[in-house]
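Working through the structure, step by step
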Amino acid sequence: MKIIVIGCTHAGTAATIQMAKRYPDAEITVYERNDNISFLSCGIALHVGGVVRNAEELFYAHPDTLAELGVNTKMRHDVLAVDTVYKTVTVRNLETEEMLVDTYDKLVVTTGSWPIIPKMEGIGLDRVLLCKNYAHAQTIIEKAKDAKRITVVGAGYIGVELVEAFHQLGKHVTLIDNTPRVMFKYLDQAFTDVVEADMQERGVQLALGQAVTALEGEEGKVARVVTTAGAYESDLVILCIGFRPNTGLLQGQVMMLPNGAIVVDEYMRTSCPDVYAAGDSCAIRYNPTGKAAYIPLATNAVRMGTLVAMNIMEPRVKYMGTQGTSGIRLFDLNIASTGMTEQAAIDAGLRVRTTTVSDNYRPEFMPTYERALVKLVYEAEGGRLLGAQVLSKADLTQSANTLSVCIQNRMTVEELGFVDFFFQPHYNKPWNLLNQAGLQAAAELEAAKAQAGEKAGA
């Protein structure tokens, strides 16, 4: 059995290591255009801010790791074309410029994603940077040394983490986004209001609800960012606008979403026989809606890569779908979310209700305690849980993992209200915050039904 893996970050690394262990007789070849594998890009901000001083610690595997497992590891090799009919890949050796054609029995496409780069005036100026891989991290750190005014474009997780890192380095930071709130995809307004107030108190300049229209420079270097609402002087600009699936190699050969994300089934098979895909290049089943969605997260990638290895010889283990669960620590705030926000549910045309609980996470007789904010999003009919958000200065982020399991298992808010959680004053109250939220949501849902019944009777 001859297996070719294209791309080796999270999904590719997981798939390759597991295949090498499971199928020692298989001939496995990895083609990777970079000179490294398994870089944790989510740690870039930690590296920039000096929390992680050695960037090498952000790699959890090495090309030698694969070679020791018997994998034919071809670093600095760029796959230029894939022919799924004749089962061939065309590859360029980036060191020698040599071209070669290789054949496969099974193909694993884990080509990941790439940052969105807008087409606008000044995009090619010096000191306009991307934030995705190891090389980007090193460039950002080097260029930031003598930059006083740094602008981050994009207020998703990576963007806000970089804002924190630059602020801690004593830089004047501006955060620009065309949405009205930071972390718009992950949190509803009650949560982003807290985050934004905290950022502004620390001196971060927020420029939200405005789009970048141009980058202006002086002597070839960026000098200011022009938006629909004004201009911001900048010595360094980091673009964190989002990501697109890097799937051009299979364009027209497998089913894809309109954005180019490869559609895979529950065994990680594409629509083309013997071609598997995983990670940020793919669409996956989003459990709150049951539909395919593009959710590029390292956690999804590692799970999917592992499933490729388990299913590549025969379909054995089904993918359970995802809730898009994620968490972030931003300054003193611990934040996590899972499933749909209220805004996402409304945008999807769903009829939902929400419940928000604000309470101290543990008894007031304890020496210290912190306020916590929990929000549930659930179906207006039946109360099935669709999403949740958690925020506190105390680290309650594991609650989002619990809520993720609830969503995956299609639990109702009433069921959440009676889940068996332990009580210990160091950690929580007799009624856990999640129980409280579930019970309150169930009561509100029941009251709404009673009110609707009275109206119908009248």
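Let me sum up the structure you'll find in this document.

What counts and how
Residues numbered from 1 in each chain as written. Predicted model: local features only at pLDDT ≥ 70, side-chain atom pairs only at ≥ 80, totals over all residues. Heavy atoms only, no water. Buried < 20%, exposed > 50% of the residue type's maximum accessible area, 1.4 Å probe, protein only. Helix = DSSP H or I, 4+ residues; strand = E, 2+ residues; numbered from the N terminus. Pairing = 2+ DSSP bridges. Right-handed = clockwise from strand over helix to strand, strands pointing away. Salt bridge = Lys/Arg side-chain N within 4 Å of Asp/Glu carboxyl O. Axes fitted to C-alpha atoms, helices over the stretch in contact; angles between N-to-C directions. Contact = heavy atoms within 4.5 Å. 1 Å grid on protein atoms, 1.4 Å probe; cavity = no way out; pocket = protein on both sides within 12 Å on 5 of 7 lines; lining within 4 Å. Points joined across faces, edges and corners; volume = space filled by probe spheres on them. Phe/Tyr/Trp six-rings, centres within 6.5 Å; stacked < 30°, edge-to-face > 60°. Lys NZ or Arg CZ within 6 Å of the ring centre and 35° of its normal.

Overview of the pairing of strand β10 (residues 149-153)
- Buried residues dominate β10, accounting for four of its five residues.
- Note that β10 and strand β11 (residues 172-177) share five bridges and pair parallel. When the bridges of β11 are listed, Arg149 appears paired with His172.
- As for the winding sense of the linkage, the β-α-β connection from β10 through helix α5 (residues 157-168) to β11 is right-handed.
- Across four bridges, the pairing between β10 and strand β16 (residues 236-239) is parallel. If you follow Thr151 over to β16, its bridge partner there is Val237.

Here's the deal with the pattern of salt bridges
- Under the definition given, this model contains 25 salt bridges.
- The partner of Glu233 in a salt bridge is Arg224, with the nearest N and O atoms 3.2 Å apart.
- Note on Glu233: relative accessible area 38%, which makes it partly exposed.
- Of the residues examined, Arg224 reaches a relative accessible area of 17% and is grouped as buried.
- Taking the shortest distance from any N to any O, the salt bridge between Asp359 and Arg371 comes out at 3.9 Å. One end of the pair, Asp359, is in strand β24 (residues 352-360); the other, Arg371, is in strand β25 (residues 371-379), with 12 residues separating them in the sequence.
- Judged by its relative accessible area of 13%, Asp359 is buried.
- Overlapping salt bridges, with partners in common, bring together Glu216, Glu218, Arg224 and Glu233 in one network.

Focus: the pairing of β25
- In terms of burial, β25 is largely enclosed, as seven of its nine residues are buried.
- One ladder, built from nine bridges, connects β24 with β25; its direction is antiparallel. Within β25, the position partnered with Thr355 by the bridge is Leu376.
- Relative to strand β26 (residues 385-392), β25 runs antiparallel, the two sharing seven bridges. When the bridges of β26 are listed, Ala372 appears paired with Ser392.
- Counting the residues between successive antiparallel strands, the hairpin from β25 to β26 contains five residues, one of them, Gly382, with a positive phi of roughly 100°.

Brief notes about the sheet that holds strand β22 (residues 326-330)
- Ordered in space as β22-β23-β26-β25-β24, the five strands form an open sheet in which the pairing is antiparallel. Both outer strands of the open sheet, β22 and β24, are each paired with one neighbouring strand and no more. Strand-to-strand twist in this sheet, taken as the mean axis angle between neighbours without regard to direction, amounts to 10°.
- Bridge count between strand β23 (residues 333-339) and β26: six bridges; the pairing is antiparallel. If you follow Gly339 over to β26, its bridge partner there is Gly387.
- Packing against the sheet, α5 makes contact with β22 and β23, and its axis sits at approximately 20° to β22.

Side note on empty space enclosed by the protein
- Scanning the model with the defined rule gives one cavity of 30 Å³ or more in all.
- Taken as a whole, the largest cavity encloses approximately 40 Å³ of empty space.
- Lining the largest cavity we find Pro115, Ile116, Cys131, Leu239, Cys240, Ile241, Gly242 and Phe243.

Topic: the environment of Leu396
- Inspection of the secondary structure puts Leu396 in the loop between β26 and α9 (398-408).
- Judged by relative accessible area, Leu396 falls into the buried class, the value being 15%.
- Distance in space between the C-alpha atoms of Leu396 and Gly217 is 44 Å, their sequence separation being 179 residues.
- Look past the residues within four positions of Leu396 in its chain and what remains in contact with it is Tyr361, Ala372, Val390 and Leu433.

Observations concerning the sheet that holds strand β19 (residues 275-277)
- With respect to topology, five strands assemble into an open sheet ordered β3-β2-β1-β7-β19, the strand pairing being parallel. The open sheet terminates on both sides in strands that have one partner only, identified here as β3 (72-75) and β19. Neighbour-to-neighbour, the strand axes of the sheet open up by a mean angle of 15°, direction not taken into account.
- Note: strand β1 (residues 2-6) against strand β7 (residues 106-109), four bridges, orientation parallel. Note on β7: the bridge partner recorded for Ile6 is Val109.

Focus: the packing of aromatic side chains
- All told, the structure shown has three aromatic pairs when counted by the stated rule.
- Ring plane angle 15° and centroid distance 4.0 Å describe the contact between Tyr157 and Tyr186, whose orientation is recorded as stacked. One end of the pair, Tyr157, is in helix α5; the other, Tyr186, is in the loop between β11 and α6 (189-201), and 29 residues separate them in sequence.
- With relative accessibility at 17%, the residue Tyr186 sits in the buried group.
- Ring centres 6.4 Å apart and planes at 80° place the aromatic pair Phe418 and Trp431 in the edge-to-face group. Linking Phe418 in the loop between α10 (413-417) and α11 (433-457) with Trp431 in the loop between α10 and α11, this pair joins segments that are 13 residues apart in sequence.
- A cation over a ring is seen here: Lys132 above Phe243, with NZ or CZ 4.8 Å from the ring centre.

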